[in-house]
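# Survey of secondary and tertiary structure
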Amino acid sequence: MLILTYQNMRKFVLVIILLTGCLAGKAQSGSVGYGYAYTDSVEVIEVIDVVEAVDSLDYVDYSLYGIIKNRDWDRLVLDREQALSVLDHLPSDAYGLNERASVRKLLTTKNLKITNQELMAYRKVRSIQVSRMGIFSYPYFSCRFKRKDGKLFFEKISGSQRKSGYIYDNKSDSKVFLGGWSVNDDPQTTYDSENSEPGMIYKIGPNKVIMVFLAPDEQSFEIYELIK
């Protein structure tokens, strides 16, 4: 039994592996192709921690391990990269293709630093939903950030499709959203429910914030575009 790091989905994760073959080279942190030659096969027993994201992927603080469900890590780390891939591969007859450039701009604009206090000023949100069927944009509805149980809480409070949940600190230029979705005036749902919804929050302009929600199958996504 040996603890190593290996590169999977372009992010490093710490795993416990059971060696079934031989190990060529020194066992230490690294990835195949960077001076370490791992031969024969290994069996992954358990992913025990997420260490960091690399390349163009979005960073999710590993201190949130145990709070974020294992199945949701990729949805958060890959959110914008996979969303751009979905956008690029829309069929030629998809609805709303004239909006592709504006959606791309939302996903590629550089992040700005963001604080919990300034999020409190954002009161309007619109949904942009993208799938193979096309790009579907909706008008602005009311939303708010507030303090709940000692933590920052977001809720969309009008419109038929609504998300609500807690905001967690991440990097200085991003936040993590963990909540749920509900319809109309049905009770709000939580991240622990069947309607769980993870997302990332970015400030991309002096008066603009986006929340990105990648679907479980990573073949569709939704953007919440927030203004003050």
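### Some thoughts on helix H3 (residues 100-108)
Along H3, the residues classified as buried are Val103, Leu106 and Leu107. What you see down the axis of H3 is that its buried residues fit within an arc of 95°, all on one side. Facing away from the buried side of H3 by over 90 degrees, the exposed positions are Ala101 and Lys105. Structurally, H3 contributes buried residues whose contacts are with helix H2 (79-88), strand S6 (124-131), strand S7 (134-137), strand S12 (196-205), strand S13 (208-214) and strand S14 (221-227).

### Topic: H2
Within H2, seven of the 10 residues are buried, which leaves the element mostly enclosed by the surrounding structure. By the burial criterion, the buried members of H2 are Asp79, Arg80, Gln82, Ala83, Leu84, Val86 and Leu87.

### Topic: the nonpolar core
Residues Val60, Ile68, Val176 and Phe221 are the most contacted members of the largest nonpolar core, which totals 32 residues. Counting residues per element, this core draws most heavily on H2, which supplies four residues. Setting aside chain neighbours within four positions, we find Ile68 in contact with Val60, Trp73, Leu76, Val176, Leu178 and Tyr191. Counting 16 residues, the second largest nonpolar core, distinct from the first, contains Leu119, Phe154, Ile201 and Phe213.

### A short note on the confidence of the model for the protein chain
With 75% of its residues at a pLDDT of 70 or more, the protein chain has an overall mean of 82. A low-confidence stretch, residues 1-56 stays under pLDDT 50, and its non-local contacts, those more than four residues away or across chains, total 102 contacts.

Conventions adopted
Residues numbered from 1 in each chain as written. Predicted model: local features only at pLDDT ≥ 70, side-chain atom pairs only at ≥ 80, totals over all residues. Heavy atoms only, no water. Buried < 20%, exposed > 50% of the residue type's maximum accessible area, 1.4 Å probe, protein only. Helix = DSSP H or I, 4+ residues; strand = E, 2+ residues; numbered from the N terminus. Arc of directions from axis to C-beta. Contact = heavy atoms within 4.5 Å. Core = buried A, V, L, I, M, F, W, Y, C linked by side-chain atoms within 4.5 Å. pLDDT = per-residue confidence, 0-100.

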